[in-house]
Amino acid sequence: MEYVKYMWHNIVSFTSYINTFKFMDECPRKEKTLLIIHGKLYDLTNFRHPGGDILLDSNGTDATNIFYSTHPQYVWKMIDTKEFQTSYLHDDNKIDTIQKRLNKCGNYVYDCDFYKECKKLVENHLKKRSITYGTYFDNCIIGTWTSFWLALCGYTYSTMIYYEGCISSCILLGITWAMGNFNLMHISMHGGICNNKYIKPFLDSTYTVFSGSATPRWIEKHNHIHHGHINTIKDADKHASPFLRLHPHQDRRWWYKYQHIYFPLLAFVNTLSNQFTHLKYMMKETKDNGKLREVQVNRYYLSFSLWICLAYLYPMYSFGVYKGICSSLLFQMVGSVWATYNIVINHIFEQSHTSSESYQCSFAKMQIASSCNHYSGSMIMTFLTGGLNHQ
């Protein structure tokens with residue numbers, strides 16, 4: 001059981017999949033790829049990235065937090081080499097351009113001694129595991145875990161249809177699809193399952209298939225803004241509503257003492273509204289070569305169409321319009337509450353730090369100071385939370 005606990009505890013550190021980085025000039029990427037890493041602007045259009053087009057999800061942004069959190073230290077050193085700097089450092093490294101993007105995506109320090117020590121501990125542990133269990137052992141665990149959740153999500157949906165949307169089947173479906181998002185989409189979009197150009201986009205799209213929300217919107221709000229401003233005033237995950245007090249530093253209001261009563265309703269409304277606001281975002285936002293590149297947009301519309309069919313049309317066709325809509329709303333409400341509580345209990349506690357200046361802006365120290373573990377030795381909780389009980 002210890003190996004599964006470890007896998008999820010270090011979910012953003014699956015560096016064993018990254019074998020090598022190669023320079024290339026003969027096969028340039030079609031899309032112009034510009035990224036900021038540690039205050040420098042790079043043109044990576046001609047760079048052969050082991051993760052493939054996942055690089056484009058951060059195109060045009062400050063990718064510092066994603067780079068440092070998902071790569072081993074030898075890659076950190078690689079980008080500072082003369083060869084890499086000569087090949088990929090962009091000519092336009094104006095201070096105002098860099099600072100504008102830093103303000104939006106965060107400005108933590110990643111190469112501090114504490115974070116290096118953490119990364120070294122993880123890398124050494126992965127090497128020992130590879131020697132002890134073999135190269136593909138962890139890959140098999142991840143593959144089995146992922147396949148199980150895909151099968152379980154399909155089974156609970158079939159059960160809901162078979163029993164014509166009875167209350168228990170809808171509750172089970174809501175919980176399963178909510179946790180399917182954490183065990184499939186969330187991990188995949190952090191690069192923790194695989195970087196295969198066919199499998200990863202499929203797993204990323206489960207966010208839309210299971211909730212109706214847009215994957216590109218998640219990439220912006222979660223991967224960039226949330227992880228760029230963990231638990232600070234700029235963290236959209238923690239300061240998204242005037243109706244909830246999710247931070248000890250937020251001003252107190254009289255209605256907050258009742259939030260445990262109306263919180264489930266707000267979570268449900270948020271899920272429903274996301275389906276419309278995210279659709280509006282995808283339709284109106286300017287298309288680019290990054291997270292809103294053509295293939296991503298088309299993938300969203302395909303996944304959203306599947307969500308409409310699964311969540312609304314097929315239930316209404318199978319057991320009537322009224323009962324079909326009620327069943328759909330019930331499983332979405334249950335899933336919303338389950339998912340939101342799952343996020344809140346891992347990030348919100350009285351001692352959480354909310355200042356981006358804390359600990360000399362150290363990313364690793366802020367991560368520890370702004371999150372917590374619960375039931376860290378329990379395989380059941382690891383299963384039910386998608387590993388979020390190990391923060």
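Residues numbered from 1 in each chain as written. Predicted model: local features only at pLDDT ≥ 70, side-chain atom pairs only at ≥ 80, totals over all residues. Heavy atoms only, no water.

Which residues make up the pairing of strand S2 (residues 34-37), and what values go with them?
Side-chain direction in a regular strand flips from residue to residue, so the side chains alternate between the two faces of the sheet. One ladder, built from four bridges, connects S2 with strand S3 (residues 40-43); its direction is antiparallel. Paired with Leu 35 across the two strands is Tyr 42, which belongs to S3. Where S2 hands over to S3, the hairpin turn is made up of two residues, of which His 38 adopts a positive phi near 55 degrees. (Pairing = 2+ DSSP bridges. Helix = DSSP H or I, 4+ residues; strand = E, 2+ residues; numbered from the N terminus.)

So what's going on with the nonpolar core? Residues and values would help.
If you look at the biggest cluster of nonpolar residues, it comprises 34 residues, and the most contacted ones within it are Met 160, Trp 177, Met 282, Trp 307 and Phe 331. Going through the elements one at a time, helix H7 (137-162), helix H8 (167-189), helix H10 (206-211), helix H12 (259-284), helix H13 (294-319) and helix H14 (321-347) are the ones with two or more residues in this core. The element best represented in this core is H8, accounting for eight residues. Setting aside chain neighbours within four positions, we find Trp 307 in contact with Trp 177, Thr 208, Val 209, Phe 210, Ser 211, Gly 212, Gln 275, Tyr 312, Phe 331 and Gln 332. In terms of nonpolar packing, the next biggest core, distinct from the first, is built from 23 residues, Ile 37, Met 78, Cys 112 and Tyr 115 among them. (Core = buried A, V, L, I, M, F, W, Y, C linked by side-chain atoms within 4.5 Å. Buried < 20%, exposed > 50% of the residue type's maximum accessible area, 1.4 Å probe, protein only. Contact = heavy atoms within 4.5 Å.)

An account of a nonpolar patch on the surface is needed here, citing residue identities and associated values.
A grouping of Trp 254, Tyr 258 and Ile 261 is seen on the molecular surface, where their side chains present a nonpolar patch of about 390 Å² in accessible area. Relative to the helices and strands, Tyr 258 is located in the loop between helix H11 (215-228) and H12. Judged by its relative accessible area of 39%, Tyr 258 is partly exposed. (Patch = residues over 30% accessible without salt bridge, like charges linked within 9 Å, V, L, I, M, F, W, Y side chains within 5 Å. Areas by Shrake-Rupley, 256 points an atom, 1.4 Å probe, with all protein chains shown as cover. Salt bridge = Lys/Arg side-chain N within 4 Å of Asp/Glu carboxyl O.)

Give a description of the pattern of salt bridges that names residues and reports values.
Using the criterion set out here, one finds five salt bridges in the structure. Asp 43 serves as the salt-bridge partner of Lys 32, at 2.7 Å between the closest nitrogen and oxygen. One end of the pair, Lys 32, is in the loop between strand S1 (22-23) and S2; the other, Asp 43, is in strand S3, and 11 residues separate them in sequence. One salt bridge in this structure joins Asp 138 and Arg 129, with 2.4 Å as the shortest N-O distance. A relative accessible area of 13% places Asp 138 in the buried class. With a relative accessible area of 6%, Arg 129 lands in the buried category.

Which residues make up the side chain of Gln 259, and what values go with them?
Structurally, Gln 259 can be placed in helix H12. Given the relative accessible area of 18%, Gln 259 is considered buried. Those residues in contact with Gln 259, other than ones at most four positions away along the chain, are Phe 243, Leu 244 and Arg 245.

Could you give me a rundown of H11, with the residues and numbers involved?
H11 sits mainly inside the fold: 12 of its 14 residues count as buried. For H11, the complete set of buried residues consists of Thr 215, Pro 216, Trp 218, Ile 219, Glu 220, His 222, Asn 223, His 224, Ile 225, His 226, His 227 and Gly 228.

Limitation: the analysis is restricted to geometry and does not speak to function.
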